[in-house]
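Structural overview
So you can see what is in the structure, the chains are spelled out below.
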Amino acid sequence: MANLTFRYGAMNSGKSTALMQVAHNYEEKGMKVIVLKPSVDTKGSDFLISRIGITRKVDFLVDQSESIINLTKDILAKQNCVLIDEAQFLTTRQVEELQFISKELDISVICYGLKTDFKTNSFPGSRRLFELADKLEELTTICACGKKAKFNARIINGKYVFDGSQVAIDQENSVSYEPLCGACYIEKVHNFVKQKSLKKD
């Protein structure tokens, strides 16, 4: 029976790069994979984009209203592995479909994504993956201070922000993200609250 695997990490932990390497490894051995990405992640349109410069066209962009099984039904049975980037943006129902694919169709499913948003709250897709995945594997990166980064700070126009909607795509509308350790994250939050307080005064 195949596994449903969730490989998660902070921004800049190499998730997209790792996915593309896994796809290459399967294909190099003559096996077939399909690569999916939620359509809400508009960065790169229908391409995966790695920070080290490699890219790969996805096979399907998945809207939150779509069934992954229905979307891929014409080729799904012929696949050895299903790979999903930015899996935090999946719906809980879509994650449940991935579990079905791994268990009932015996096809390996490997998801890559964030554990939490810039406020340290979990995404619905990530939360369901933690509940259902057979394997959980953390991909790591480092904070600017040299410690392990676990959190994602949102930066808009060069300033750290800790309010706003859960989804704001990296590199769009002057938005970027920085991976931070716990101590540095809390420091940025305190500075943000202090600046807001000064503006009110």
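Our structure is the block above this text.
All of the points below concern the structure found in this document. (Residues numbered from 1 in each chain as written. Predicted model: local features only at pLDDT ≥ 70, side-chain atom pairs only at ≥ 80, totals over all residues. Heavy atoms only, no water.)

So, about the pattern of salt bridges. A full pass over the atoms with the stated rule returns nine salt bridges. Between arginine 128 and glutamate 96 there is a salt bridge, with the nearest N and O atoms lying 3.0 Å from each other. Pair noted here: arginine 128 is in helix H4 (residues 124-132) and glutamate 96 is in helix H3 (residues 92-104), with a separation of 32 residues, a long-range link. Arginine 128 sits in the partly exposed class, given a relative accessible area of 22%. For glutamate 96, a relative accessible area of 25% puts it in the partly exposed group. (Salt bridge = Lys/Arg side-chain N within 4 Å of Asp/Glu carboxyl O. Helix = DSSP H or I, 4+ residues; strand = E, 2+ residues; numbered from the N terminus. Buried < 20%, exposed > 50% of the residue type's maximum accessible area, 1.4 Å probe, protein only.)

Counting through the fold element by element, phenylalanine 47 comes out in strand E3 (residues 47-49). Taking the C-alpha atoms as reference points, phenylalanine 47 and glutamate 96, 49 residues apart in sequence, are found 25 Å from one another. Residues within four places of phenylalanine 47 in sequence aside, it is in contact with Lys37, Thr55, Arg56, Lys57 and Val58. (Contact = heavy atoms within 4.5 Å.)

Glancing now at the sheet that holds strand E12 (residues 159-161). Here we have three strands laid out as an open sheet, ordered E12-E11-E13, and antiparallel in their pairing. Both edges of this open sheet fall to E12 and strand E13 (175-180), since each of them pairs with a single strand only. Each neighbouring strand pair of the sheet contributes to a mean axis angle of 45°, computed without reference to strand direction. (Pairing = 2+ DSSP bridges. Axes fitted to C-alpha atoms, helices over the stretch in contact; angles between N-to-C directions.)

Glancing now at unusual backbone geometry. Non-glycine residue aspartate 106 carries a positive phi angle of around 60°. Take aspartate 106: it is sitting in the loop between H3 and strand E7 (108-113). Judged by relative accessible area, aspartate 106 falls into the partly exposed class, the value being 46%. Located in the positive-phi region is asparagine 157, a residue other than glycine, with phi close to 50°. With respect to the element layout, asparagine 157 can be found in the loop between strand E11 (151-156) and E12.

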